[in-house]
Amino acid sequence: MPPLLALGLSLAIAAGGWATRALTRTGTAAATLIGSLILWRTGWPGMAALGAFFIGSSLISRLAPDRSVTALDAKGSTRDAWQVMANGGAAALGAILSRSDDAALWVVTASLAGAAADTWATSCGGWSRKSPRHILTWMPVPPGTSGGITVVGTAGALAGAATVGAAAALSAGRLVLFPLSLVVGMLGMTADSIIGAAWQGRFHCPACGLATERSVHRCGSPTTAAGGLAWLTNDGVNGLATGFAAVLGYGLFLWAVGRQCCGP
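Predicted model only: the values in this text are computed from it and were never measured.

1. Concerning the environment of L240
Here is step 1: Its place among the elements puts L240 in helix 7 (residues 234–262).
Here is step 2: What makes L240 partly exposed here is its relative accessible area of 47%.
Here is step 3: With 52 residues separating them along the chain, L240 and G188 place their C-alpha atoms 9.3 Å apart.
Here is step 4: Sequence-distant contacts of L240, defined by excluding residues within four places in its chain, comprise I195 and L232.

Listed below in structure tokens is the structure:
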């Protein structure tokens, strides 16, 4: 896609996100940059995948129970620049580094499928009537805990990955992108849960006695480290997981090309 057209479309979509309060001002700027890079390299199929992720994730985040008021003090549904970069940065970087347009589309689709799966899992998990289970210990944990999984959330993850895969496959006429999204999306979501459970920073507010994901609690009091790596935030975890999905998507592209050239 021509660069100016990619920029114009990305700016229009991001502005719509800001108008509907799906994005902050910094999030709007980051979304414009990421969208421009993805559309410039992957064209309309990349736009379809990106649109499916952005619209679907924004809607499901709005419809699901709000985690921003829970004890863990997570961010709300309005995405800032860090959240946008964590979810789309790997797709954009992979797109511009890929050696071919086909590879770029596989990378973008895979990475966005991983991002969608994680977002939908988190949102849909809010409807679960059962407490989440810690992915490493399988012990019950409070809703919103990093690494906590539910059956409802897992089903939501599959649905989220499917939206990206369907959009990319139909727009590109490449049906292989649909199963790619399902497989990589679920693996990316699982990686996100494992990384979050094992290494994401956990904090405790001495003033409120509550657990939180932030170094400063919403009450304004500094928190104390309670586990994990203090510098690794939820955005960092998401960025690592979407990066893993992008690399996996590129690896599967090379495998598929090798099979076509050399046979089984």
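Picking up where we left off.
2. As for empty space enclosed by the protein
Here is step 1: Inspection of the entire model under this criterion finds 1 cavity of 30 Å³ or more.
Here is step 2: Considering only enclosed or pocket space, the largest cavity measures out at about 260 Å³ in volume.
Here is step 3: Forming the walls of the largest cavity are 17 residues, and the residues nearest its centre are A31, L50, F53, F54 and V84.
Here is step 4: For the lining of the largest cavity, the secondary-structure elements that each account for two or more residues are helix 1 (3–19), helix 2 (25–63) and helix 3 (81–97).
Here is step 5: Within the lining of the largest cavity, the residues separate by chemical class into 11 nonpolar, 5 polar and 1 charged.

3. Overview of the packing of aromatic side chains
Here is step 1: Under the definition given, this model contains 2 aromatic pairs.
Here is step 2: Measuring from ring centre to ring centre gives 5.6 Å for W106 and F253, while their planes differ by 65 degrees; the resulting arrangement is edge-to-face. Pair noted here: W106 is in helix 4 (residues 101–124) and F253 is in helix 7, with a separation of 147 residues, a long-range link.
Here is step 3: For F253, a relative accessible area of 10% corresponds to the buried category.
Here is step 4: When the centroid spacing of 6.4 Å and the interplanar angle of 25 degrees are considered together, the rings of Y250 and F253 count as stacked. Taken as a pair, Y250 and F253 lie in helix 7 at a separation of 3 residues, close to a single helical turn.
Here is step 5: Using a relative accessible area of 27% as the deciding quantity, one classes Y250 as partly exposed.
Here is step 6: Three or more aromatic residues joined by ring pairs form one cluster here, namely W106, Y250 and F253.

4. Some details on the pattern of salt bridges
Opposite charge on two side chains permits pairing when their charged atoms draw close.
Here is step 1: Considering all chains together, one arrives at 2 salt bridges under this definition.
Here is step 2: A salt bridge links R41 to D101; the nearest nitrogen and oxygen atoms lie 3.1 Å apart. One end of the pair, R41, is in helix 2; the other, D101, is in helix 4, and 60 residues separate them in sequence.

5. Remarks on helix 1
Here is step 1: The terminal C-alpha atoms of helix 1 lie 24 Å apart, and with 17 residues this matches the ideal 24 Å at 1.5 Å per residue to within 8%.
Here is step 2: For helix 1, the full list of buried residues reads A6, S10, A14 and G17. Along the long axis of helix 1, the arc covered by the buried residues comes to 50 degrees, so they all point the same way. Exposed and facing more than 90 degrees away from the buried side of helix 1 are L4, A12 and A19.
Here is step 3: Of the residues flanking the end of helix 1, it is R21, one or two places downstream, whose phi is positive at about 65 degrees.

6. Notes on the side chain of N87
Here is step 1: Within the secondary structure, N87 is located in helix 3.
Here is step 2: On the basis of relative accessible area, N87 is assigned to the buried category, the value being 7%.
Here is step 3: Polar contacts involving the side chain of N87 include one to the main-chain carbonyl oxygen of Q83, which spans 2.8 Å.
Here is step 4: For N87, the residues in contact, after removing those within four places along its chain, are F53, R79, L112, A115, T119 and T242.

About the thresholds
- Residues numbered from 1 in each chain as written.
- Predicted model: local features only at pLDDT ≥ 70, side-chain atom pairs only at ≥ 80, totals over all residues.
- Heavy atoms only, no water.
- Helix = DSSP H or I, 4+ residues; strand = E, 2+ residues; numbered from the N terminus.
- Buried < 20%, exposed > 50% of the residue type's maximum accessible area, 1.4 Å probe, protein only.
- Contact = heavy atoms within 4.5 Å.
- 1 Å grid on protein atoms, 1.4 Å probe; cavity = no way out; pocket = protein on both sides within 12 Å on 5 of 7 lines; lining within 4 Å.
- Points joined across faces, edges and corners; volume = space filled by probe spheres on them.
- Nonpolar A, V, L, I, M, F, W, Y, C, P; charged D, E, K, R; others polar.
- Phe/Tyr/Trp six-rings, centres within 6.5 Å; stacked < 30°, edge-to-face > 60°.
- Salt bridge = Lys/Arg side-chain N within 4 Å of Asp/Glu carboxyl O.
- Expected span 1.5 Å × (residues − 1).
- Arc of directions from axis to C-beta.
- Polar contact = N/O pair within 3.5 Å; in protein donor to acceptor, adjacent residues only side chain to side chain.

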